[in-house]
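Take a look at the letters that make up each chain.
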Amino acid sequence: MSETYFEIVQFILESKKIFLIWCSSENSDYFENIDSRVVAFQNKAAAIEYLYHKDVKVNCKTVYDFDKMDFSDCNDFLNKWNIIGDLSKSISLDTDFIGNDDNLNPLYKKIVCGSNLPALNTSGKTYTPTFDADELRQLEAVKSDMLKILKAAISNAEVYKMTVKQKT
């Protein structure tokens, strides 16, 4: 029996914060949902309460600031690319994400290398990728699609309301 890992993910978009629950199991990565809709929270406390009622422990919180979409920071862009890839597969969206297109694998690999992840970059040298005009166009298309998917997920989400009063 495999254990599922739950993470509170904070998205910042248009200066607004929303929290979602990302789950990872042996079989897949997905976003928690109720009645085929992504569950959203207006604050971290509500997300923690939701997980508490499901009797699961939250492992951490990650922040993705989509108001800052600079692909020159490959690690940040890679993380956003991956999380939106998971979000696009959520039951409530089940939409195509341009970033999941096999034609973009060379660009994705370039972003991975530019992230200089210690497990992959054992040389100790920092790799900073350069992008030609076609790659820049592709990156803009990925960025645009990321924002479209995130906005759709937020607008279609089931907002969880806290059942206990928050401390003031």
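Nothing here was measured: the structure is a model prediction, and the numbers come from that model.

Participant: Any details on the pattern of salt bridges? Residues and values, ideally.
Facilitator: Inspection of the entire model under this criterion finds 7 salt bridges. Between D76 and K80 there is a salt bridge, and its shortest N-O distance comes to 2.8 Å. Taken as a pair, D76 and K80 lie in helix α2 (residues 74-88) at a separation of 4 residues, close to a single helical turn. Between K148 and D145 there is a salt bridge; the shortest N-O distance is 3.1 Å. In this pair, K148 and D145 both sit in helix α4 (residues 133-156), 3 residues apart, roughly one turn of the helix. A relative accessible area of 48% places K148 in the partly exposed class.

Participant: Talk me through the environment of A141; I want residue IDs and the actual numbers.
Facilitator: Residue placement: A141 occurs in helix α4. Take A141: its relative accessible area is 27%, and that puts it in the partly exposed class. The spatial distance from the C-alpha of A141 to the C-alpha of D102 is 14 Å, given a sequence separation of 39 residues.

Participant: Mind laying out the packing of helix α3 (residues 105-114) against α4, listing which residues take part and the relevant values?
Facilitator: In a pair of packed helices, the angle between the axes and the distance between the axes together describe the arrangement. Across the interface, α3 lies against α4 with an axial gap of 11 Å and an inter-helix angle of 90°. Overall, the two elements α3 and α4 adopt an arrangement that is roughly perpendicular. Between α3, through L107, K110 and I111, and α4, the contact on the second element is made entirely by E135, Q138 and L139. Residue composition of the contact of α3 with α4, grouped by class: 3 nonpolar, 1 polar and 2 charged.

Participant: With reference to specific residues and values, describe a negative patch on the surface.
Facilitator: The grouping of D94, D96, D101 and D102 at the surface amounts to a negative patch. In this structure, D96 sits in the loop between α2 and α3. Judged by relative accessible area, which is 71%, D96 ranks as exposed.

Participant: Describe in detail the confidence of the model for the protein, supporting the description with residues and values.
Facilitator: For the protein, per-residue confidence averages 86 on the pLDDT scale, and residues scoring 70 or more make up 93% of the total. At the low end of the mean pLDDT range in the protein sits strand β4 (residues 33-34), at 77; at the high end sits α3, at 94.

Participant: I'd like a rundown of α2, residues and numbers included.
Facilitator: If you check α2, its first and last C-alpha atoms are 21 Å apart, about what 15 residues at 1.5 Å a residue would give, namely 21 Å. In terms of burial, α2 is a largely internal element, 11 of the 15 residues being buried. Inspection of α2 places C74, F77, L78, K80, W81, I83, I84, G85, D86, L87 and S88 among the buried residues, and these make up the whole buried set.

What counts and what doesn't
Throughout, a residue's number is its position along its own chain's written sequence, starting from 1. Whole-chain, interface and lining totals are the exception, using all residues; otherwise, since this is a predicted model, local features are given only for residues with pLDDT of at least 70 and side-chain atom pairs are given and counted only at 80 or more. As a convention, hydrogens and water are excluded, and side-chain values are obtained from all of the structure's heavy atoms. By convention in these notes, a salt bridge is any Lys or Arg side-chain nitrogen within 4 Å of a carboxyl oxygen on Asp or Glu. Helix and strand definitions here come from DSSP, where helices need a minimum of 4 consecutive H or I residues and strands a minimum of 2 consecutive E residues; each element is numbered from the N-terminal end. For every residue, the accessible area obtained with a 1.4 Å probe (protein chains only) is divided by the maximum for its type, and the residue is called buried under 20%, exposed over 50%, and partly exposed between those limits. Angles run from 0 to 180 degrees between N-to-C directions of axes, and those axes are lines fitted to C-alpha atoms, restricted for helices to the stretch in contact. Each angle is binned into one of four classes, with values under 35 degrees roughly parallel, values over 145 roughly antiparallel, values of 65 to 115 roughly perpendicular, and all other values oblique. Contact between two residues is taken to exist if any of their heavy atoms lie within 4.5 Å; hydrogens are not considered. Charged means Asp, Glu, Lys or Arg here, nonpolar means Ala, Val, Leu, Ile, Met, Phe, Trp, Tyr, Cys or Pro, and polar covers whatever is left, Gly included. Here, patches come from residues exposed beyond 30% relative accessible area and free of salt bridges, joined within 9 Å for like charges and within 5 Å for nonpolar side chains (Val, Leu, Ile, Met, Phe, Trp, Tyr). Note that accessible areas follow from Shrake-Rupley with a 1.4 Å probe, and for residues the cover is restricted to the protein chains shown. Asp and Glu count as negative and Lys and Arg as positive, but His and the ends of the chain are not part of the count. One atom stands in for each charge, and that atom is NZ of Lys, CZ of Arg, CG of Asp or CD of Glu. Each residue carries a pLDDT score, the predictor's confidence in it, ranging from 0 to 100. To estimate how far a helix should extend, the number of its residues minus one is multiplied by 1.5 Å.

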